Amino acid sequence: MEERALSCLLRSRPTMEQDIKASYLMDHMVSDGVLTQDEEDGVLTGRCPADLLLRKDNRAYVSFYNALIREGYGTWPACFYTDLPQLSPEGGKSYWTGISPTVQVKLSEGGVPQRPTVFVNRPTLLTQVREKLRRLQNAVGWVTVFGMAGSGKSVLAAEAVRDHALITECFPDGVHWLSVGQCERAELLVRMQSLCFRLEQGQSLEASLRPPGSVEEARERLRFLMLRRFPRCLLILDDIWDINSLRAFDIQCRVLLTTRHRDLTDSVSGLRYSVPVESGLDEEKALEILSLYVNAKPQNLPEQARRIVEECKGSPLVVSLIGALLRDFPDRWGYYLRQLQKKQFQRIRKSSSYDYEALDQAMDASLQVLDDEHRELYKDLSVLEKDVKVPAKVLSVLWSLELEEVEDVLQEFVNKSLLFRDCNRRPYLYYLHDLQLDFLTEQNRAQLPKLHGKVVCQYQRAYTEGPPTSGDEEDLYWYRFLPCHMARAGLSKELCSLMFSLDWVKNKAQLMGSAHLINDYVEYSAILDRENSEVRLQFQEFLSLNGPQLEQKPLPDVVQLALSQPCCSEVYRQALLQAQRSASRGQLYLDWVNKSSLESLSRLVVHPQQSSVYHTCFSRDGSKIASCGASSTLRVFKSTSGERLQEIQAHDDEILCCAFSPDDRHIATCSSDRKIKIWNVERGTLIRMFKEEYEEQVNHCQFTNHQRRILLATCSNDKIVNTKVRNTLFGHMEPVNHCCFSPDDAYLATSSNDGSVKLFEVASANEWKTIQVAQYFPESDEETSITVKCSTWSADGARIICAARNTAFVFDVATLGMLLEIRTSRLSTVQYCQACPTSHYERGLWDFEVNKKMAECSGHLSWVHCVQFSPNGSLLLSCSDDQTIRLWETERVHTSSAVALKRDFDVLFHQGNVTVVAADKRRAEVKGQRQVFRLWPHRLMVVSFFPTLTSAIPMQVLETPSGNILATLHGHTKTVHHCLFTDNGQTLITSSEDATLRVWKWMTGECRVLEGHQEPVRKFHLLGGSSSSPMLLSWSFDGTVKVWDLSSGEKLHDLKCHEAAILSGDVTPGEHLFSTGSADNSAKVRSPHPSGQRCGHKACVRSCRFSWDDRRLATGDDNGEIRLWSMLDGALLKTCAQNTKDCMDSFHGGWVTDLHFSPDNKVLVSTGGYIKWWSVQRGEALQTFRTTGANLKRIHASPDFKTFVTIDNMGILYILKQVEGRL
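Rules used in this analysis
- Residues numbered from 1 in each chain as written.
- Predicted model: local features only at pLDDT ≥ 70, side-chain atom pairs only at ≥ 80, totals over all residues.
- Heavy atoms only, no water.
- Helix = DSSP H or I, 4+ residues; strand = E, 2+ residues; numbered from the N terminus.
- Contact = heavy atoms within 4.5 Å.
- Areas by Shrake-Rupley, 256 points an atom, 1.4 Å probe, with all protein chains shown as cover.
- Patch = residues over 30% accessible without salt bridge, like charges linked within 9 Å, V, L, I, M, F, W, Y side chains within 5 Å.
- Salt bridge = Lys/Arg side-chain N within 4 Å of Asp/Glu carboxyl O.
- Buried < 20%, exposed > 50% of the residue type's maximum accessible area, 1.4 Å probe, protein only.
- Phe/Tyr/Trp six-rings, centres within 6.5 Å; stacked < 30°, edge-to-face > 60°.
- Lys NZ or Arg CZ within 6 Å of the ring centre and 35° of its normal.
- Pairing = 2+ DSSP bridges.
- Axes fitted to C-alpha atoms, helices over the stretch in contact; angles between N-to-C directions.
- Parallel < 35°, antiparallel > 145°, perpendicular 65-115°, else oblique.
- Nonpolar A, V, L, I, M, F, W, Y, C, P; charged D, E, K, R; others polar.
- Polar contact = N/O pair within 3.5 Å; in protein donor to acceptor, adjacent residues only side chain to side chain.
- Core = buried A, V, L, I, M, F, W, Y, C linked by side-chain atoms within 4.5 Å.
- Lys, Arg positive; Asp, Glu negative; His and termini not counted.
- Charge placed at Lys NZ, Arg CZ, Asp CG, Glu CD.
- Expected span 1.5 Å × (residues − 1).
- Bend = angle between axes of the 7 residues up to and from the residue.
- Disulfide = S-S within 2.5 Å.

Some remarks on the overall build of the protein
- Each helix and strand in the protein was counted, giving 31 helices and 64 strands.
- A separation threshold of at least 6 residues defines the contact pool for the protein, and within that pool the share at least 24 residues apart is 54%.
- Carbon and sulfur atoms provide 47% of the accessible area of the protein, an area that totals close to 50300 Å².

Some remarks on a nonpolar patch on the surface
- Where nonpolar side chains cluster on the molecular surface, the patch consists of Ile720, Val721, Phe730 and Met733 and spans about 380 Å² of accessible area.
- Position of Val721 relative to the elements: it lies in the loop between β20 (712–716) and β21 (723–724).
- With relative accessibility at 32%, the residue Val721 sits in the partly exposed group.

Here's the deal with the packing of aromatic side chains
- Within this structure, the stated rule accounts for 20 aromatic pairs.
- Ring centres 5.6 Å apart and planes at 80 degrees place the aromatic pair Tyr477 and Trp478 in the edge-to-face group.
- The buried category is assigned to Tyr477, whose relative accessible area is 6%.
- Taken together, the ring pairs connect Tyr459, Tyr463, Tyr477, Trp478 and Phe481 into an aromatic cluster.
- Between Arg332 and the ring centre of Tyr335, over which it is positioned, the NZ or CZ distance is 5.8 Å.
- Taking NZ or CZ as reference, Lys724 lies 5.3 Å from the ring centre of Tyr694, over its face.

Regarding the sheet that holds strand β49 (residues 1051–1056)
- With respect to topology, 4 strands assemble into an open sheet ordered β46-β47-β48-β49, the strand pairing being antiparallel. Among the strands making up the open sheet, the edge pair consists of β46 (1017–1023) and β49. Recorded for the sheet is a direction-independent mean angle of 15 degrees between the axes of neighbouring strands.

A few points about the packing of helix α26 (residues 502–512) against helix α30 (residues 570–583)
- Look at α26 against α30: their axes get within 10 Å of each other, and the N-to-C directions meet at 85 degrees. Classified by the interaxial angle, the pair formed by α26 and α30 is roughly perpendicular. Across the interface between the two elements, Leu502, Asp503 and Lys506 of α26 pack against Val571, Gln574, Ala575 and Gln578 of α30.
- For the contact of α26 with α30, the residue count by class is 3 nonpolar, 2 polar and 2 charged.

Section: the pairing of strand β15 (residues 655–660)
- Within β15, 6 of the 6 residues are buried, which leaves the element mostly enclosed by the surrounding structure.
- In this sheet, strand β16 (residues 666–671) lies alongside β15 in antiparallel orientation, the contact comprising 5 bridges. Its bridge partner lying in β16, Cys657 is registered against Cys670.
- In this structure, the hairpin formed by β15 and β16 is closed by a connection of 5 residues, where Asp664 is found at a positive phi of approximately 65 degrees.

A short note on the environment of Tyr463
- Within the secondary structure, Tyr463 is located in the loop between α23 (448–462) and α24 (473–488).
- In contact with Tyr463, not counting residues within four places along its chain, are Val397, Pro468, Glu474 and Trp478.
- There is a polar contact of 2.4 Å between the side chain of Tyr463 and the side chain of Glu474.

Regarding the pattern of salt bridges
- The tally for this structure, following the rule as stated, stands at 38 salt bridges.
- For Asp1054, the salt bridge goes to Lys1051, with nearest N and O atoms at 3.7 Å.
- Taking the relative accessible area as the measure of exposure, Asp1054 reaches 43% and is therefore partly exposed.
- Close ionic contact of Glu1220 with Lys1202 constitutes a salt bridge, the shortest N to O distance being 3.7 Å.

Examining the pairing of strand β29 (residues 818–823)
- Examined bridge by bridge, strand β28 (residues 807–812) and β29 share 5 bridges and lie antiparallel to one another. Each bridged residue has a counterpart across the sheet, and for Ala808 the counterpart in β29 is Ile822.
- Counting the residues in the hairpin turn of β28 and β29 gives 5 residues, including Leu816, whose phi is positive at 65 degrees.

Things to note about the nonpolar core
- Judged by nonpolar contacts, the single largest core of 77 residues is most densely connected at Tyr378, Leu381, Trp399, Leu410, Phe413, Trp478 and Phe542.
- At 8 residues, α24 tops the list of elements feeding residues into this core.
- Not counting residues up to four positions away in its chain, the partners in contact with Leu381 are Leu395, Trp399, Leu419, Leu432, Leu437 and Leu440.
- Residues Cys183, Leu195, Leu222 and Val268 belong to the second largest nonpolar core, which totals 30 residues.

Considerations on the sheet that holds β28
- Across the sheet, which stays open at both edges, the 4 strands sit in the order β26-β27-β28-β29 with antiparallel pairing between neighbours. For this open sheet the edge positions go to β26 (788–793) and β29, each flanked by a neighbour on one side alone. Strand-to-strand twist of the sheet, defined as the mean angle between neighbouring strand axes without regard to direction, takes the value 20 degrees.

So, a negative patch on the surface
- On the surface, Asp371, Glu373, Glu402, Glu404, Glu405 and Asp408 cluster together into a patch of negative charge.
- Counting residues per element, the negative patch draws most heavily on helix α21 (residues 403–415), which supplies 3 residues.
- One can find Glu405 in helix α21.
- Overall, Glu405 belongs to the partly exposed group, its relative accessible area being 42%.

Looking at the side chain of His615
- Relative to the helices and strands, His615 is located in strand β11 (residues 613–618).
- Only 3.4 Å separates the side chain of His615 from the backbone oxygen of Cys658, close enough to count as a polar contact.
- In contact with His615, not counting residues within four places along its chain, are Ala626, Ser627, Cys628, Leu656, Cys657, Cys658, His700, Tyr832, Cys866 and Cys879.

Some details on α26
- Taken as a whole, α26 has its buried residues at Leu502, Trp504, Val505, Asn507, Lys508, Ala509 and Met512.
- At the N-terminal end of α26, a side-chain oxygen is found 3.3 Å from the backbone nitrogen of Asp503, two or three residues along, and the residue is Ser501.
- Immediately downstream of α26, the backbone of Gly513 shows phi near 80 degrees, a positive value.

So, unusual backbone geometry
- Residue Asp664 is not a glycine yet carries a positive backbone phi of 65 degrees.
- The residue Asp664 is located in the loop between β15 and β16 in this model.
- Although it is not a glycine, Glu1071 adopts a positive phi angle of roughly 60 degrees.
- Inspection of the secondary structure assignment puts Glu1071 in the loop between β50 (1062–1067) and β51 (1074–1078).
- Given the relative accessible area of 33%, Glu1071 is considered partly exposed.

What to know about the environment of Leu10
- Relative to the helices and strands, Leu10 is located in helix α1 (residues 3–19).
- For Leu10, a relative accessible area of 52% corresponds to the exposed category.
- Sequence separation of Leu10 and Asp51 is 41 residues, and the distance between their C-alpha atoms is 9.0 Å.

Thoughts on α24
- Given a rise of 1.5 Å per residue, 16 residues ought to cover 22 Å, and the 22 Å separating the end C-alpha atoms of α24 matches this to within 8%.
- Phe481 marks where α24 bends most, by close to 45 degrees; the proline Pro483 follows one to four residues later.
- The element α24 is extensively covered by neighbouring structure, given that 13 of its 16 residues are classed as buried.
- If you check the start of α24, you find a side-chain oxygen 3.2 Å away from the backbone N of Glu474, and it comes from Asp472.
- Directly beyond the C-terminal end of α24, a positive phi value near 75 degrees is found at Gly490.

Observations regarding the packing of helix α20 (residues 392–399) against α24
- As a packed pair, α20 and α24 sit with axes 8 Å apart at the nearest point and diverge in direction by 65 degrees. For the pair formed by α20 and α24, the contact residues are Lys393, Val394 and Val397 on the first element and Glu474, Tyr477 and Trp478 on the second.
- Partitioned by chemical class, the residues of the contact of α20 with α24 number 4 nonpolar, no polar and 2 charged.

Let's talk about the state of the cysteines
- Following the criterion strictly, the structure yields 0 disulfides and no others.
- Not engaged in a disulfide, the cysteine Cys628 finds its nearest cysteine sulfur in Cys658; these two sulfurs lie 3.7 Å apart.
- With no disulfide of its own, Cys657 lies closest to Cys701 among cysteine sulfurs, the gap being 4.0 Å.

Examining the side chain of Ser632
- On the secondary structure map, Ser632 appears in the loop between β12 (624–629) and β13 (633–638).
- With residues near it in sequence (within four places) discarded, Ser632 still touches Ile648, Gln649, Ala650, His651, Asp652, Asp653, Glu654 and Ile655.

Structure representation (structure tokens):
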């Protein structure tokens, strides 16, 4: 060994003995041929590995270095890297793999499994795979390695990328391995989340994102990462079972996948190559495996070896099982052959392609060499799920053994090929091959409930203090599979106790988000409903309504979210108890005391299938609902009750769209299987099938609106022939996503990936007009093309609405001019839009006549694929990846009794009572009417109305609560923004859009006009209201602050404070300082004199508030950031903001619009997209209340700071009271 390598080993020897577990490294070095079995045994019995390496050559040093990398020993490989000896002229390439340490690190970091201890090269197959991979050097595409289970596909895929030239030339951005397996959609999401996490490592904290909340969102995240950060990397998908899992990774990158299905990639985009793997090894290779296990040459093996290979049918897995047995007992060739020949086990699954007879025999023979204790332990592994890797700590709980003892037992199982170990992660994870698990399950089928019950019992003993919360692999296992173990053990009461616990919901949401929780309540609904179906629905509804919040990082306070549930809900009951206990320890919680006035906005929730719902539609008479999705099943329900009327297994693949005919007698379906079918609704029978119209998947179908001539329009992913009615409509050169008839059926609108909407004449099939939607996204480049998702016609056919990216556009059909642009959050994508057939509503709900959002229909957990109005516009239907269909009452969504208030309101707190006065949207007599209120403690109220085109603004002074009109005042010519009574109630002050203030003696109608501002006066403050010479402080959009003598109307000071509009102001309780916040990104503090100090922000300062002791100023800006300033020296004390921006690109869900200090100046409350309470001392959030709507305008706090009142942009009133502590 070279001198520098020896020196490095000597220097590292003391710490190496303490930090490195040599037993795991020795496995790799033995497989590399640098250590013998005897030398490994010596190290395992206590000999220092450094002493052994010092007597070896350079190859041993390199082997040791690579073993450290494979086992994930952190910084240790770096300690040995600089002294690596040169083995060959190839410049540091590993002698056994032909790749450099740098590439070896890439493979290890990408999760590529290491070469098995006993490895037989298959050069012909390797050459084929590598040759196909090289074809992906300059283009995205797919290489499929397919063959029967146990044929060595995974080993072959891993070995194919151990090629230095291949990686450096074709995939310099790395290789990333992901084991997929047979999994439900929620499990697929977890795997995709882990891949996103791995790819996003190394990004700054600001750039890090929350885990994607749906498969579609994860796919888009991966598409972006592959395009921007890893354009030339290789993604290896191991063990893909179905087309739905594969489509989740159709992200325009280079993919190598292993599967059993040869034609799996037929429906994905890009180049496609395949490599078949023989169902079994040939005799020569199988004998080579056996010879390696027994350390003999193939020609020296006994005659029984060939007969064993015949009995094993050449399966690499089965041959390895027998080989591992022979390694320990090399003289038992005849014995194991007789075991294989005598045992005639029943096939486990007759439809499977496994060699079950050979496997059963090999497995049984393997188990016979275990002692009784270990055989019982191995039986416990029957409860594991397929494709699930388990940490040793879980088995330590199951077996009641020390962790070290468990690792020793697992090592024995690994050595005998009874178990596999994933060494790419620490701690190591262990798993069974599907064949082994199937064998165990069948062998112990009668005992499975008891075995699952043992898991539950051992868990309860280990976690008597409550569920685990550390977030490691062990915790994840329990949160994922404990309900499954309880269900399969028949422990229904224990399952209900677990899943009807808010603590379980909170802890699982913290670690895994809400997708798995929803899936649990759906999967185990039959068991839970036997105990209490109402409580199950309450928990499931809570998760559905709060799914987006539960996916956020950091996780919002689940108890606070649950306090918004109905008072009769078990979720609310548990939350209130927990809040009361926490409040006794000083924690802040708010109870929404008037929530009983707000009923659930969704009228009906249907769970039609255990998979995503892609499309749903009303029948033309509105009495039925049809749905379809990933399950390949068409279902029809009653729209009144959700009762299922029809269920049809309609296609061989997922159904993308369904549509009722104008007479409601038929339903058309189209699918990824490229077929279009028409069904009889009443009988559920097939009427007609079109299977040769398209070469790619059919995306959408729609019948004409009228019965006079019934036509069916369809569109597909084909490049040219992609739209048909009676004839092919030529125009788009990219896939067409959606098509719809105009209200009179004269035209067909099509939406395409080419960034355009085309209008065709139905009668002639000619292109009529084209709208180039892509031109409205000038920031787009060629690599990120604009896809138009869908389009819809207005009720009169004069306008057409289309959706692209995060925007909905409204165009005039006659001129093709854009009338309106409706943008949503920059992180969202508009999946679908539809105009109401009887009015001007579009799903948001938006009133596109005035560009106003009417409601946010919250409830779905995941992406909403489709929305549709009922024929009369009274109902709205939506479907989602969360497996639900929701039915909404359109009028209730935007005009219910609870959702009917404007955000201009006033609150009076008096003797423990709360009086709220606000404008009722439903009772507006004039379109666009606005009302401004001000209460006075002595039963007076002023109301200001929005101006009409023909008259000045009337204001009324009313008596409360009778509502009697005491006075009507006329004077302002534009909107009144603010009004205030003086302390004696005899004088009323108002400010207006007309740039004036007015001082009224309202009983006599006498009025003094204060003129001087050049732009609207948003607000003012009364100084010295109880003194003999009160003053008035006003601020305006003209950037000035003016001080007035209230008695004479004289202007005392005229201060130019800002160069831009003043948006907010406040005065200290002592009235010696005032502050202003402006659109020039600053706040300023002044006395009523020219001097002052400036407090800077990065955005418009929309709110400011002094503390009650005059020592601090709080300012809030349009970025959602709040800053606390010292009034002694103007220093910035704290910045109150969460770590990352939310989905609205803000730290507060929107602009910070209002601020209030508590009387003791310890707590600050703020409004934006939601309400937050802050610790003034620490600048940390104490609590967050998330309203149903957003864009809160202001909040009122009671004098004791325990009651808060606000109204959101949906018009929902919130009266929040602080929860009192209770021991």
